[in-house]
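Secondary and tertiary structure notes
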Amino acid sequence: MADHPLSRRGLLRSAALAGLLLPAGGALSACASPSGGGTTASRAPTLGARTAANPLAIPEDRPFEVVIFDGGFGDAYARDIHEPLFKKGHPKVAIKHTATKEIAKTLQPRFAGGDPPEFVNNSGSNAMDFGALAQDGQLQDLRELLDAPSWDDPGVKVRDTILPSAIELGSYDGVFSVLNYANTVWGIWYSKKLFTANDWEVPKTWDDFTSLCEKIKKSGEAAPFTYAGKHPFYIYETILTLAAKIGGAGVLTSLDNLEDGAWKAEPVTKAATAFADLGAKYLMRGTEGLDHIQTQTAQNKYQVAMLPCGSWLENEQKDSTPADFGYAMFPLPSFDTSDALPYGTLHSRPGEESFVAARSANPRAGMEYMRAMLSKDGAGRFTELVSTLTIVNGAAEGRTLKPGLQSAAAALKTAGEHVTYFRFRQWYQELHDEVAAATGQLMAGRLKVGEWADRIQRKSDEVKSDTSVKKFTR
Amino acid sequence: MADGRPRRPGRAGREGFVRARFITGFLAAPVLLYLVYVISPYAQAFSIAMTDWRGVSAAPRFVGLANFGRLLGDGVFWRAVGHNALLLVLLPLLTLAIALFFAFLLNAGGQGGGVAGVWGSGFYRVVFFFPQVLAVAIVAVLFQQVFRPDGSGMLNGPLIALGLEPVGFLSDPGVAFWSILAVLVWQAVGFYVVLFSAGMASIPREMFEAARIDGAGRVQLFARVTLPLLWETVQVGWIYLGIAALDVFALVWVMTAEHGGPDHSTTVMAAEVYRNAFQYFKFGYASAMGVVLFFFTVAFAVLALRLSRRERIEF
């Protein structure tokens, strides 16, 4: 074998070398890297005839795809309510319906490959990052939808049938491009039955709240308070709402805008201190190791009296709630007399985001689908089916609501204009993760309020100086 | 050349060509697959690592080594590296020690004169292998229940019943990492028990018997006969477990709060890569982490092969 011209090792070595020396992103770039944008730009504009029945001028013969996150709401609302509604208006347009629990895993390669679906219900824990989508121009400008006549009344624009906060929240760089369909109300949830049976009253001030906790603790009936320990978002949401009540909605705006020292502002640390104390004294045992379902089920078993949650709670727990449980919620109690916002102030914001992919084949059909969703009929039946309010004004009126949702709707009505929310969770997910991690430690007593504020402020500054992350302001 | 004719010039060249063609024909397909599915993703990861690609655009911006610079100051990533390093030492050490102990008991640790396993060793061998059969995700969910902090937890239930404070196996940042390590060891031991059992079965019985006759006890049997003759198998096991320790992901991701929490106390490199890529959509940054992980793995492989060189014992 001495004269062997090609040893096996030699062959392998040269092959490997050839592989390594290939110009990066060159001949073999079919797998992970982005493909060139040529295919998307060359697409013909897809405009149909603009008529009264078709104000967005969608082509009546071109199909489009609807991707629904198959999570807490399921996908039946799209299949049974919105898609038939759309079909009524446009019988010749074929709808391809896709449901998935993993939005990003399913769709990210399609976006990178230039073949995204038209309508995407981008929700759930595997949602795609909106900041990244906005940064790359993947979001269709939906302002035309806002100015289009509404589905129900050609005399009224879509803009005037929905909550103004939905327009603000759906705007990236001043361009309305994300539809937040459901409207969520946060508060402290309790069982009317348990409260009535024990003569406990809904607290209106922080002192009332803590003395109620003390009373419950002494009674031995149940633990006073808990939250989804494994997902500290549930409690930092409450802390931030209290901070806004103490210092005004501007407190949250400066957090969103990553302002210097925003997390160390007095209203924020005051609210954090209040809840850290609550955590030290009144939390259900084991809270920090339990998730939302486990704590909510404990409440259904009357093991704990109160927990903070959003208005999806009743629907989420429908299988484990006793028939006479009587879900109800109350807004955060007032902290003291110098509060900037009055009693009744709520954290409420539109959520459950959807967008139309700007570089899809038939984006106008996606917008028209949204117009159908925003009809009174589409929204009202959605509310009934999944027990969640929507951003469509008055859509829930005359519909039969479950007791918990009824109390949330009533609280929202009482709150009026005093509604707060924050946006950094959607804008900078890494900041959200850090706030969650630190707040979990705060509630468990392993972080002091000062350290908590320092840590989050450091992360906020870090995000601010990271040039690869697009910044938003409000 | 069997026929004894003198070699003609050119013949060797033609033969060589035929042979080369033959070899190339066989190797082309696997090499191509290797290039497309292994080498090219690596090469791409290197190039993506130098961009600020966020996963959806068609034209990522080249940023040079900025991602690596940021990585140096990323405390969470270095915590993850630290956890991987700790796993790299502890996972093989604990797993191999326990597996060797069990394998020895099952094969040569029995009472009495002959060389046999402890009573019921056939049964134990099967039981030890059970964890290996379960998917990682199932193991993770299973242990979430075992570690539950309230009365329904398998470990905390009895503690609470006895009036003791429950342990936050997964919720106390000081404890969570050790809980993860325990599960990793629990899952890995069975396979190595079987591996070492096979290795021990191939050691000639006479060696044990001779040692027994010379008066060796169980400890001496193990230290002087079994371990030296099993050394090669142990080395293989060590390298496998080392790679597994660098690769830990699914268990941490599924089992812990905040995916690697609480408060980053259990996070590992692969989890940070995944988080940055698929949750923050910072694919460029995540690729930079992947590149660092790649070099750690290569360094470990080189080191492991260097350190474990040892004379082979023939028998």
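On a predicted model such as this, the values are computed, not experimentally measured, just so you know. (Residues numbered from 1 in each chain as written. Chains lettered and ligands numbered in written order. Predicted model: local features only at pLDDT ≥ 70, side-chain atom pairs only at ≥ 80, totals over all residues. Heavy atoms only, no water.)

Right, let's get into the packing of helix H3 (residues 75-108) of chain B against helix H9 (residues 218-247) of chain B. All names here are of chain B. It is at 9 Å that the axes of H3 and H9 come closest, and there the two elements cross at 140°. With respect to their mutual orientation, H3 and H9 come out oblique. The hand of the H3/H9 crossing is right-handed. Tallied by class, the residues present in the contact of H3 with H9 amount to 18 nonpolar, five polar and one charged. (Axes fitted to C-alpha atoms, helices over the stretch in contact; angles between N-to-C directions. Helix = DSSP H or I, 4+ residues; strand = E, 2+ residues; numbered from the N terminus. Parallel < 35°, antiparallel > 145°, perpendicular 65-115°, else oblique. Left-handed = near helix turned anticlockwise from the far one by under 90°. Nonpolar A, V, L, I, M, F, W, Y, C, P; charged D, E, K, R; others polar.)

Once that is clear, we can look at the domain arrangement of chain B. Many descriptions give the size of an interface as the accessible area lost when the pieces come together. All names here are of chain B. When its domains are assigned, chain B resolves into domain 1 (1-48) and domain 2 (66-307). The gap between the C-alpha centroids of domain 1 and domain 2 is 40 Å. Interface of domain 1 and domain 2: buried area, both sides summed, is about 420 Å²; carbon and sulfur atoms make up 81% of it. Among the residues domain 1 hides against domain 2, the three largest losses belong to Tyr42, Phe46 and Ile48. Together they make up 85% of the total. Our count for the domain 1 to domain 2 interface comes out at zero salt bridges. Between the two partners, domain 1 and domain 2, sit zero residue pairs in polar contact (both at pLDDT 80 or more). Residues belonging to the side of domain 1 that touches domain 2 are distributed by class as follows: four nonpolar, no polar and no charged. (Domains from an automatic or database assignment. Buried area = accessible area lost by both parts, 1.4 Å probe. Salt bridge = Lys/Arg side-chain N within 4 Å of Asp/Glu carboxyl O. Polar contact = N/O pair within 3.5 Å; in protein donor to acceptor, adjacent residues only side chain to side chain.)

Further remarks concern a negative patch on the surface. Residue and element names in this part refer to chain A. Residues Asp199, Glu201, Asp207, Asp208 and Asp336 make up a contiguous surface patch of negative charge. If you trace the backbone, aspartate 208 turns up in helix H9 (residues 206-219). Here aspartate 208 falls in the partly exposed class, since its relative accessible area comes to 37%. (Patch = residues over 30% accessible without salt bridge, like charges linked within 9 Å, V, L, I, M, F, W, Y side chains within 5 Å. Areas by Shrake-Rupley, 256 points an atom, 1.4 Å probe, with all protein chains shown as cover. Lys, Arg positive; Asp, Glu negative; His and termini not counted. Charge placed at Lys NZ, Arg CZ, Asp CG, Glu CD. Buried < 20%, exposed > 50% of the residue type's maximum accessible area, 1.4 Å probe, protein only.)

On to the domain arrangement of chain A. All names here are of chain A. Segmentation of chain A into domains returns domain 1 (44-180 + 350-403) and domain 2 (185-348 + 422-465). Relative to domain 2, the C-alpha centre of domain 1 lies at a distance of 31 Å. Opposite the twelve residues of domain 1 that make contact, domain 2 presents nine residues. Counting across the interface, domain 1 meets domain 2 through one salt bridge. Salt-bridge contacts for arginine 423 lead to glutamate 168; the nearest nitrogen and oxygen are separated by 3.1 Å. Counting the contacts that link domain 1 with domain 2 gives four residue pairs in polar contact (both at pLDDT 80 or more). Put simply, the parts of the chain that give the side of domain 1 that touches domain 2 at least two residues each are helix H7 (164-169) and strand E4 (171-172). (Contact = heavy atoms within 4.5 Å.)

To continue, consider the pairing of strand E8 (residues 304-310) of chain A. Residues and elements named next belong to chain A. Counting buried positions along E8 gives seven out of seven residues, so the element sits mostly inside the fold. Relative to E8, strand E6 (residues 179-191) runs antiparallel, the two sharing four bridges. Among the inter-strand pairings, tryptophan 189 is bridged to a residue of E8, identified as leucine 307. Pairing geometry for strand E7 (residues 223-225) and E8, over two bridges, is parallel. Of the residues in E8, the one forming a bridge with phenylalanine 225 is methionine 306. (Pairing = 2+ DSSP bridges.)

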